[in-house]
Amino acid sequence: MRHLCSLLDLNRDELAHLVRRGIELKADRGRPGHSALLAGRILGLVFEKPSMRTRVSFEAAIGHCGGSAVFMTQRELGLGERESVKDFARVASQYLDVLAARTFSHERILELAMYSSCPVINALSDREHPCQILADLCTIAQEFGTLAGKRIVFVGDGNNVALSLAHAAVLSDIEFVLSAPEGFGFRDEVLKECFDVNPQAKIILEPNPQKAVTGAHVVYTDVWASMGQESEADERRKYFLAYQVDARLMKQARSDARFMHCLPAHRGDEVTDEVIDSPASLIVEQAGYRLHAQKALILWLLGIDKS
Ligand code: CP
Ligand code: NVA
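What comes next concerns the included structure. What you are looking at is a predicted structure, and each value in this text was computed from that prediction instead of being measured. (Residues numbered from 1 in each chain as written. Chains lettered and ligands numbered in written order. Predicted model: local features only at pLDDT ≥ 70, side-chain atom pairs only at ≥ 80, totals over all residues. Heavy atoms only, no water.)

If you check the shell around ligand 2, you find Leu124, His129, Asn159, Asn160, Asp222, Ser226, Met227 and Leu263 and nothing else. Asparagine 159 is positioned such that a nitrogen or oxygen atom in its side chain is 3.3 Å from a nitrogen atom of ligand 2. Serine 226 has a polar side-chain atom sitting 2.8 Å from a nitrogen atom of ligand 2. Taken by itself ligand 2 offers 270 Å² of open surface, and the protein chains cover 95% of this. Here the residues of the shell around ligand 2 sort into 3 nonpolar, 4 polar and 1 charged. (Near = heavy atom within 4 Å. Polar contact = N/O pair within 3.5 Å; in protein donor to acceptor, adjacent residues only side chain to side chain. Areas by Shrake-Rupley, 256 points an atom, 1.4 Å probe, with all protein chains shown as cover. Nonpolar A, V, L, I, M, F, W, Y, C, P; charged D, E, K, R; others polar.)

Listed below in structure tokens is the structure:
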């Protein structure tokens, strides 16, 4: 049985399969058979943090394909308080076919996977956001025709979204550049893990955002303080002011460069209205692809699709 705690749980071929299948499934909606692809399957959703896109796209994905979802919050479950993560995982996975969890700590995702008898999906942890990046890769592949050789530049905090983008560079031929202020880049051990898996991975650290975005096909950003870091927001803002994605920064990128953001966005902080609302912005497309990429993921994890 397979889980998706991290994109690094996949190999190159598996990632390529999920991207290809995500794009196919977008076109597949409404075709005969689509509404029975996951007939009778139950998806559990455990969320310790707020969500719009992830929750709704997972519920819609399973619903379109004939299955259903059970949504549970930490408030009602009391994981680690009312009962242990281990007991929850062993019992809940008897009722469910697949379990997606959004947690504060990445270790909790790993613990769920360790004790679950059904596949576990990381629906965002403090460390990684693999489902977001599956959708983003579908979006980039559709937009540019291919992923190979595309330069994706993430400007801002070296957070969960940035790390999963780096993992995509480990498993494909994209070039990933992180442009973060000093102290907000990747920890040494996460970079080491990337290069241990693929010593040739094109992962570049360039703290100067103007230099970083030169030649970029995609300029990507995310909030400067992630969920769980809200109390640090004012302090962090000081370090990130020079990392705002504005029209001037976008001009340094390729003339056909696109802007991406996982959302929700703090307009006026990490990105200006002018950029996020510009024709170059792919924010709606990438959020839309959450639906299709997650259908592909569930079908693959359940062995219905083979890679
Ligand atoms: N991008 C994303 O995961 O959005 P939500 O937090 O709304 O799920
Ligand atoms: N980095 C953000 C992503 C939200 C989808 C967070 O973790 O809050």
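Looking now at the site of ligand 1. As a matter of local geometry, ligand 1 sits amid Ser51, Met52, Arg53, Thr54, Arg102, His129, Gln132, Cys262, Leu263 and Arg290. One nitrogen or oxygen atom from the side chain of arginine 53 is found 2.9 Å from an oxygen atom belonging to ligand 1. Coverage of ligand 1 by the protein amounts to 95% of the 250 Å² it exposes when considered alone. The class makeup of the residues in the shell around ligand 1 is 3 nonpolar, 4 polar and 3 charged. Both domains that meet at the shell around ligand 1, namely domain 1 (7–129 + 290–301) and domain 2 (132–286), each give it at least three residues. (Domains from an automatic or database assignment.)

The linkage connecting leucine 263 with the following residue, proline 264, adopts the cis geometry, with an omega of 0°. Here proline 264 is to be found in the loop between strand E9 (258–261) and helix H12 (273–276). In the Ramachandran plot, leucine 124 falls in the positive-phi region, its phi being about 120° despite a non-glycine side chain. Relative to the helices and strands, leucine 124 resides in the loop between strand E4 (120–122) and helix H6 (130–144). Take leucine 124: its relative accessible area is 6%, and that puts it in the buried class. Although it is not a glycine, leucine 263 adopts a positive phi angle of roughly 65°. Here leucine 263 is to be found in the loop between E9 and H12. (Helix = DSSP H or I, 4+ residues; strand = E, 2+ residues; numbered from the N terminus. Buried < 20%, exposed > 50% of the residue type's maximum accessible area, 1.4 Å probe, protein only.)

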